[in-house]
Amino acid sequence: MIAHRRPFPRKGSNPHDDQLVLNKHSNVYPTDVELKEVQTVMGEIEKGLKLISDVLLEERCSQVAAKEGKEQCADMPVKKDEKMRELMGVMRVGALARGLMLQGERQLEIVLMMKNKPTKDMLERIAGLLPDKLASSEISYSVTPLVEQSTVMITAIFQPPLTVRATLTCTEMREQVDEEAIAAECQAGVLDRPSCLAALAALRRTKWFQSMAHSLPSCVIVLRVFKEMCIRYSGFKELTPWAQELVVQKCIASANPDYSKPGDVLRRLIECIASGIFLPGSCGLLDPCERDQLDSIAYLTPEKCELITYTAQHMLRQIAFGKLHSVLGVEALPKEDTPTKRSASSSDAAPAAKVPKTDKDS
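Residues numbered from 1 in each chain as written. Predicted model: local features only at pLDDT ≥ 70, side-chain atom pairs only at ≥ 80, totals over all residues. Heavy atoms only, no water.

Undergrad: If you had to explain the pairing of strand β4 (residues 151-156) to someone new, which residues and values would you point to?
TA: Of all 6 residues in β4, 6 are buried, a share of seventy percent or more. Of the two faces of β4, the one lined by T151, M153 and T155 and the one lined by V152, I154 and A156 are each fully buried. Of the pairings in the sheet, the one linking strand β3 (residues 141-146) to β4 comprises 6 bridges and is antiparallel in character. What sits directly across from T144, in β4, is M153. Connecting β3 to the next strand, β4, in antiparallel fashion are 4 residues, including S150 with a positive phi near 55 degrees. Examined bridge by bridge, β4 and strand β5 (residues 162-169) share 6 bridges and lie antiparallel to one another. In the sheet register, V152 faces β5, and the bridge partner there is A166. Here β4 hands over to β5 after 5 residues, the two strands then running antiparallel side by side. (Buried < 20%, exposed > 50% of the residue type's maximum accessible area, 1.4 Å probe, protein only. Helix = DSSP H or I, 4+ residues; strand = E, 2+ residues; numbered from the N terminus. Pairing = 2+ DSSP bridges.)

What follows is the structure in structure tokens.
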């Protein structure tokens, strides 16, 4: 009868690996100056867009009152109805909303949620009003409307400049329409549908990350380090930020609860990628924010998938031989002073014990 054997316990976390990951994280974390600039610029832009929303609401209410034939005195304020507000809200998306900005990252994203389908005239109207609302700031801004991309590009003049990409969208853009409806939208000047749908997807992904990934142990730390690795390693450059976030979240959520330290989480991430989850025929990475089952890495060619797997396998070999600092691109930790064994040939070596003679030797 075969005796039942307990499984081998998992090897404890290596504090050296944890410290290396934390050192790398501190190197790629934005500086205090960068964070202050981001908070100042975002605060002023959001305040300016709120003022624009009030202006559009007042204009809309005045138009409705004029159509209904209501006479108002010039000094009497227009009665505002919040149901008529066209610019309903401003939401942060991307690395800024997730808390995953890297040091030196100067491109931010926001989404302007409109009540009705946004048009070219509305985009140009917002882009025309925004410079006046930002004129009182000590920071110089440049506002450029990009109608083809359904975007207003706002640039804060720093060294280097800080760019905020504001995309207009509406929930009505998700409705299924036929070719005739699309042609009617083009005639009405409605903005590009794919760009608006991408902005809605960015909102869903931000909410998903904040609820499903942000609270996982070491998720933000490892993800920020992994983002920098995807920039530095050519084999990982094809991974989009959304694919990076999905693979990190799934690796942590499916792991043993003991995997909570940064070194363990990073190693498990590299192991999962090296095992071939990106190769053709694997389960892929299903997008949890879409109704249909869509693979978020379907855009990768087989050659790119093999390159990603090979890069992870090479990293895993380096980690196995204690070269995690080479993978992360940081300096190795100083070795601890350990007592060395004395050689038997040294002058202070203990004398060898004499072997007593036996009767046979005599």
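Additional details are given in the paragraphs that follow.
Undergrad: Tell me about the pattern of salt bridges, and name the residues and values.
TA: A full pass over the atoms with the stated rule returns 13 salt bridges. A salt bridge links E245 to R98; the shortest N-O distance between them is 2.9 Å. One end of the pair, E245, is in helix α8 (residues 241-253); the other, R98, is in helix α3 (residues 94-98), and 147 residues separate them in sequence. Its relative accessible area of 6% is what places E245 among the buried residues. A relative accessible area of 6% places R98 in the buried class. Counted as one network, the salt bridges with shared partners bring together K24, E228 and R232. (Salt bridge = Lys/Arg side-chain N within 4 Å of Asp/Glu carboxyl O.)

Undergrad: Give a detailed account of the packing of aromatic side chains, specifying residues and quantitative values.
TA: Inspection of the entire model under this criterion finds 2 aromatic pairs. Measuring from ring centre to ring centre gives 5.4 Å for W208 and W242, while their planes differ by 80 degrees; the resulting arrangement is edge-to-face. Taken together, the residues W208 in helix α6 (residues 193-212) and W242 in helix α8 connect sequence positions 34 residues apart. Residue class for W208 comes out buried when judged on its relative accessible area of 12%. (Phe/Tyr/Trp six-rings, centres within 6.5 Å; stacked < 30°, edge-to-face > 60°.)

Undergrad: Summarise the sheet that holds strand β2 (residues 107-114); cite the residues concerned and give the values.
TA: Sheet architecture is open: 5 strands sit in the order β1-β2-β5-β4-β3, paired in mixed fashion. Only two strands of the sheet have a single neighbouring strand rather than two, namely β1 (87-93) and β3. With direction set aside, neighbouring strand axes in the sheet form an average angle of 20 degrees. Packed on one face of the sheet, helix α4 (residues 120-133) meets β2, β3, β4 and β5 and runs near 175 degrees to β3. On top of the sheet, α6 reaches β1, β2 and β5; it is set at about 105 degrees to β5, its chief contact. (Axes fitted to C-alpha atoms, helices over the stretch in contact; angles between N-to-C directions. Contact = heavy atoms within 4.5 Å.)

Undergrad: Run through the packing of helix α1 (residues 15-28) against helix α7 (residues 219-232), naming residues and quoting values.
TA: The interhelical angle for the contact between α1 and α7, taken along N-to-C directions, is 70 degrees, at an axis separation of 9 Å. One element, α1, and the other, α7, form an angle in the roughly perpendicular class. Contacts between α1 and α7 pair V21, L22, K24, H25 and V28 from the former with I221, R224, V225, E228 and R232 from the latter. Here the contact of α1 with α7 is composed, by residue class, of 5 nonpolar, 1 polar and 4 charged. (Parallel < 35°, antiparallel > 145°, perpendicular 65-115°, else oblique. Nonpolar A, V, L, I, M, F, W, Y, C, P; charged D, E, K, R; others polar.)

Undergrad: Any chance you could break down the packing of α6 against α8 for me, citing the residues and the numbers?
TA: Close contact between α6 and α8 brings their axes to 12 Å; oriented N to C, the two are set at 25 degrees. When the axis of α6 is compared with that of α8, the two are roughly parallel. You can see that α6 and α8 cross each other, and the crossing is left-handed. Here R205, W208, F209 and M212 of α6 lie close against α8, whose contacting residues are W242, E245, L246 and Q249. Among the residues making up the contact of α6 with α8, the classes are represented as 5 nonpolar, 1 polar and 2 charged. (Left-handed = near helix turned anticlockwise from the far one by under 90°.)

Undergrad: Which residues make up the confidence of the model for the protein chain, and what values go with them?
TA: Per-residue pLDDT for the protein chain has a mean of 86; in total, 85% of the residues score no lower than 70. Here residues 337-356 scores under 50 on pLDDT; set against residues more than four positions off or in separate chains, the count is 3 contacts. Here residues 358-362 is modelled with pLDDT under 50, and outside its nearest four sequence neighbours on either side it reaches 0 contacts, counting other chains as well. (pLDDT = per-residue confidence, 0-100.)

Undergrad: Can you tell me about a positive patch on the surface, naming the residues and giving the values?
TA: On the surface, R60, K67, K83 and K115 cluster together into a patch of positive charge. Relative to the elements of secondary structure, K115 occurs in the loop between β2 and α4. With relative accessibility at 34%, the residue K115 sits in the partly exposed group. (Patch = residues over 30% accessible without salt bridge, like charges linked within 9 Å, V, L, I, M, F, W, Y side chains within 5 Å. Areas by Shrake-Rupley, 256 points an atom, 1.4 Å probe, with all protein chains shown as cover. Lys, Arg positive; Asp, Glu negative; His and termini not counted. Charge placed at Lys NZ, Arg CZ, Asp CG, Glu CD.)

Undergrad: Could you give an account of helix α5 (residues 179-188), with specific residues and numbers?
TA: The buried fraction of α5 amounts to 1 of the 10 residues, a small share that puts the element mostly on the outside. Backbone geometry just after α5 places G189 at a positive phi near 80 degrees.

Undergrad: If you had to explain the side chain of K24 to someone new, which residues and values would you point to?
TA: By the secondary structure assignment, K24 is in helix α1. Residues in contact with K24, not counting those within four places in the same chain, are V225, E228, R232, L328, G329 and V330.

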